[in-house]
Amino acid sequence: MDPKLERNRETATAFYDLMFNQCQPADAIRRYAGDVYIQHNPHVADGKEAFVAYFERMAREYPGKRVHFKRSIAEGNFVVLHCHQQWPGDQDYAGIDIFRFDEDGKIVEHWDVLQVVPAASANGNTMF
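Residues numbered from 1 in each chain as written. Predicted model: local features only at pLDDT ≥ 70, side-chain atom pairs only at ≥ 80, totals over all residues. Heavy atoms only, no water.

K.L.:
It is not clear to me how the overall build of the protein should be interpreted in this structure. Could you clarify?
P.N.:
Scanning the protein for helices and strands turns up 3 helices and 5 strands. In the protein, the succession of α and β elements from N to C terminus is α-α-β-α-β-β-β-β. Relative to the compact-globule value of 14 Å for 128 residues, the protein shows a C-alpha radius of gyration of 15 Å, a close match. Taken along its principal axes, the extent of the C-alpha atoms in the protein is 45 × 35 × 25 Å. Within the protein, the fraction of its 128 residues that count as buried is 40%. For the protein, contacts bridging at least 24 residues in sequence account for 46% of all contacts bridging at least 6. Accessible surface, the protein as shown: approximately 7100 Å² in total, 51% of it carbon and sulfur. When the 14 basic and 19 acidic side-chain charges of the protein are each reduced to a single mean position, those positions are 4 Å apart. (Helix = DSSP H or I, 4+ residues; strand = E, 2+ residues; numbered from the N terminus. Rg over C-alpha atoms; globule rule 2.2 N^0.38 Å. Buried < 20%, exposed > 50% of the residue type's maximum accessible area, 1.4 Å probe, protein only. Contact = heavy atoms within 4.5 Å. Areas by Shrake-Rupley, 256 points an atom, 1.4 Å probe, with all protein chains shown as cover. Lys, Arg positive; Asp, Glu negative; His and termini not counted. Charge placed at Lys NZ, Arg CZ, Asp CG, Glu CD.)

What follows is the structure, encoded as structure tokens:
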């Protein structure tokens, strides 16, 4: 694999793990975000400060939340992560996160799509 693609893939998972599992969003932004952080999730305001505030609140409201990485795809300046999010006291979610990187390998933009993992399925396959 292209070293730049592998670097971006490792950065995306390290960023996500640090902010979500380790509950350190400010450190994640300092280490892995570029000069700007464009957010497309409609529940999170745009920018670095808003990202930190949102995930600090999520850490307080959902202690023990976890994300498990199931798949990753790196192409060009993008990394896509297929994730299983576990929210204690709430539902589990299947998620697709898309990160765009700048030329220095820093995250500058994020999109995500989440779907509740249902109790029953019309097929015998899992969402993961």
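Here the narrative resumes.
K.L.:
How should the environment of M58 be read in this particular structure?
P.N.:
Looking at the secondary structure, you find M58 in helix 3 (residues 48–61). Using a relative accessible area of 5% as the deciding quantity, one classes M58 as buried. A sequence separation of 29 residues divides M58 from W87, and the C-alpha atoms of the two residues are 9.6 Å apart. Sequence-distant contacts of M58, defined by excluding residues within four places in its chain, comprise K65 and W87.

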